[in-house]
Amino acid sequence: MQVAEAPLMVTDVTETQPIAAGKPSRHAAPPPAGAQDMVIQARGLTKQFNAEAAVLDMNLDVPRGTIFGLIGPSGCGKTTTLRSVAGLEEPSSGRMTIANQIVFDSGKGVFMPANQRRLGMVFQSYAVWPHMSVFDNTAFPLGLVWGKGGGDADIPCLTMGPLETLGWAGCE
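This structure is a prediction, so every number in the text was calculated from the model and none was measured.

Peer 1: Before we go on, may I ask you to explain the side chain of T80 in this structure?
Peer 2: Counting through the fold element by element, T80 comes out in helix α1 (residues 78-86). Exposure remark for T80: the relative accessible area of 13% places this residue in the buried category. Residue contacts for T80: discarding those within four places in its chain leaves K47, F49, A54 and V55.

Peer 1: Explain the side chain of T81 to me, please; I cannot follow it from the model alone.
Peer 2: Mapped onto the secondary structure, T81 falls in helix α1. The exposure class assigned to T81 is buried, which follows from its relative accessible area of 2%. Of the polar contacts made by the side chain of T81, one reaches the backbone oxygen of G77; its length is 2.7 Å.

Peer 1: Teacher, can you tell me more about the environment of L82 here?
Peer 2: Inspection of the secondary structure puts L82 in helix α1. As for L82 and L70, which are separated by 12 residues in sequence, their C-alpha atoms are 8.7 Å apart.

Peer 1: How do you make sense of α1 when you look at a structure like this?
Peer 2: Among all positions of α1, only K78, T80, T81, S84, V85 and A86 are buried. Tucked inside the fold, the buried residues of α1 contact β4 (38-49), β5 (52-63), β6 (68-71) and β7 (93-98). Directly beyond the C-terminal end of α1, a positive phi value near 90° is found at G87.

Peer 1: How should I be thinking about unusual backbone geometry in this particular structure?
Peer 2: The phi angle of most residues is negative, glycine excepted, and most peptide bonds adopt the trans form. In this structure, D57 is a non-glycine residue whose phi angle is positive, near 55°. On the accessibility criterion, D57 (34% relative accessible area) is partly exposed. The backbone of A99 shows a phi angle near 55°, a positive value even though the residue is not glycine. Considering the arrangement of structural elements, one finds A99 in the loop between β7 and β8 (101-105).

Peer 1: For this particular structure, what's the right way to read the pattern of salt bridges?
Peer 2: Where charged atoms of side chains with opposite charge meet at close range, the side chains can pair. Tallying each qualifying case throughout the model produces 4 salt bridges. Salt-bridge contacts for K47 lead to E89; the nearest nitrogen and oxygen are separated by 3.7 Å. Residue K47 is found in strand β4, and its partner E89 is found in the loop between α1 and β7; the two are separated by 42 residues along the sequence. Each member of the pair K47 and E89 is classed as buried. When salt bridges with common partners are traced through the structure, they connect K47, R83 and E89 into a single cluster.

Parameters at a glance
- Residues numbered from 1 in each chain as written.
- Predicted model: local features only at pLDDT ≥ 70, side-chain atom pairs only at ≥ 80, totals over all residues.
- Heavy atoms only, no water.
- Helix = DSSP H or I, 4+ residues; strand = E, 2+ residues; numbered from the N terminus.
- Buried < 20%, exposed > 50% of the residue type's maximum accessible area, 1.4 Å probe, protein only.
- Contact = heavy atoms within 4.5 Å.
- Polar contact = N/O pair within 3.5 Å; in protein donor to acceptor, adjacent residues only side chain to side chain.
- Salt bridge = Lys/Arg side-chain N within 4 Å of Asp/Glu carboxyl O.

See the structure below:
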């Protein structure tokens, strides 16, 4: 099995301090004491493509209310990690929870599909939906979840929060 040697750094953007860094097999600490406050947790997450591991034995904790970034060179597993969290890739092994709900567990045969995870993902491309504004691209996943259920009055407020945090409030 080949493993990418490039380091992947998980950074809490709200604090601008590295949370954990290292090779893909060793880039997170043991779970913190307040594990119930974690919105995303992964343990031993691995994703292999044929004989090559894009992500190997990764542990990840994302606390509720934080904005995280995955930083590293091309080929270190950033996109594969995000796609696995979103349910667009099925990891080869490990366990992952979102809001304390198991979304992937290789030992139990659990894989929750992307459309049931209630997550939105903005892809790397600058033109996700080129005919839509930054605001509309950001609000789009919320409209899918709440737009038909009558909660669409909350969408502008929920959309502007992240845009303001990222300094993109004037781009809508």
